[in-house]
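Notes for the structure review
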Amino acid sequence: MIELRPFEKLGKSNHGWLNANFHFSFAEYRDPKRVHWGALRVWNNDRIAPNTGFPPHPHRDMEIVTYVIKGAITHQDHLGNQGRTEAGQIQVMSAGRGIQHAEYNRESDETELFQIWILPNKEGVPARWETVQFPAEGRDGKLVPLASGRGHEGAIPLHADGALYAGTLKAGQTLRQTLGGKPAYLVPAKGRIEVKGAGGQPVTANARDGVAVVDLPEIELTAVEDSEIVLVETDQLN
């Protein structure tokens, strides 16, 4: 099954400094049909005004991945971690037994990012934060695991049964992603793509549209325009 979730039909919240769109139930947006997808619990598309951000707030027992599309985000937490993550890169935070953190756009222009939460496979782990500078050219024409609980070499570890991939395709390029029937969710950060399962009709996804996939051994992605793609695959919840 492949289900398109158009950007204009996502949950919405605009606080002036923060313009957010929710792929799953979050904050004041509630949709009983969109609570999670496998172990994927949150996928927010946040646009943050310059010199604003999220003041210190707590989390527990969640794997939180931030993928920056445009601009940069600056992190600080009660453990003493501080860092700046730029466009095309990710940061990973294991909330574990508890973390207090803040995220700010210290840039002169708007920052846009995906905030992605994955349910952990183990509660009460030590809280942590990590970012790695992944070379952008290493993702040309393929999806590369940037964060993973499945032992992918070079990826930032996750305490979760899943992995986050990112890649870029030039217009006309095609790639195949093996899923083995497990749930996957993908969003073009930029561009426009076609998503197709074996024997099925292609589904066209524009930038910021969500595509939910399950019960397919693999999918084929074709770029209609130059595209940047983020995909999360997880296990089913028990």
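Everything numeric in this text was worked out from a predicted model, so none of it was measured.

1. Observations concerning the packing of aromatic side chains
Going through the model one piece at a time under the given rule, you end up with eight aromatic pairs. Between Phe 24 and Tyr 185, the aromatic rings sit 5.1 Å apart at their centres with planes inclined by 50°, giving tilted as the arrangement. Of this pair, Phe 24 sits in the loop between strand 3 (18–22) and strand 4 (40–48) while Tyr 185 sits in strand 17 (residues 184–190); the two residues are 161 residues apart in sequence, bridging distant segments of the chain. Note on accessibility: Phe 24 and Tyr 185 belong to one class, buried. Plain terms: the ring middles of Phe 26 and Trp 117 are 5.4 Å apart, the flat faces sit at 85° to each other, and that makes the pair edge-to-face. Placement of Phe 26 in the loop between strand 3 and strand 4 and of Trp 117 in strand 11 (residues 111–118) is noted, with a sequence separation of 91 residues between them. Overall, the relative accessible area of 13% leaves Trp 117 in the buried class. Within the aromatic cluster, the residues linked to one another by ring pairs are Phe 24, Trp 43, Tyr 67, Phe 114 and Tyr 185. When the ring centre of Trp 37 is taken as reference, the NZ or CZ atom of Arg 5 above it lies at 5.3 Å.

2. Focus on the sheet that holds strand 21 (residues 218–223)
What holds strands together in a sheet is hydrogen bonding between their backbones, with the strands either parallel or antiparallel. Spatially, 16-21-18-19 is the arrangement adopted by the four strands of the open sheet, whose pairing is antiparallel. What marks the edges here is a single partner per strand, and that holds for strand 16 (174–178) and strand 19 (203–206). Ignoring which end each strand starts from, the neighbouring axes of this sheet average 25° apart. Here five bridges tie strand 16 to strand 21, and the two strands are oriented antiparallel to one another.

3. Thoughts on the layout of surface pockets
One number sums up the size of the largest pocket: a volume of about 360 Å³. Classifying every residue of the lining of the largest pocket gives 14 nonpolar, nine polar and three charged.

Criteria and thresholds
- Residues numbered from 1 in each chain as written.
- Predicted model: local features only at pLDDT ≥ 70, side-chain atom pairs only at ≥ 80, totals over all residues.
- Heavy atoms only, no water.
- Phe/Tyr/Trp six-rings, centres within 6.5 Å; stacked < 30°, edge-to-face > 60°.
- Helix = DSSP H or I, 4+ residues; strand = E, 2+ residues; numbered from the N terminus.
- Buried < 20%, exposed > 50% of the residue type's maximum accessible area, 1.4 Å probe, protein only.
- Lys NZ or Arg CZ within 6 Å of the ring centre and 35° of its normal.
- Pairing = 2+ DSSP bridges.
- Axes fitted to C-alpha atoms, helices over the stretch in contact; angles between N-to-C directions.
- 1 Å grid on protein atoms, 1.4 Å probe; cavity = no way out; pocket = protein on both sides within 12 Å on 5 of 7 lines; lining within 4 Å.
- Points joined across faces, edges and corners; volume = space filled by probe spheres on them.
- Nonpolar A, V, L, I, M, F, W, Y, C, P; charged D, E, K, R; others polar.

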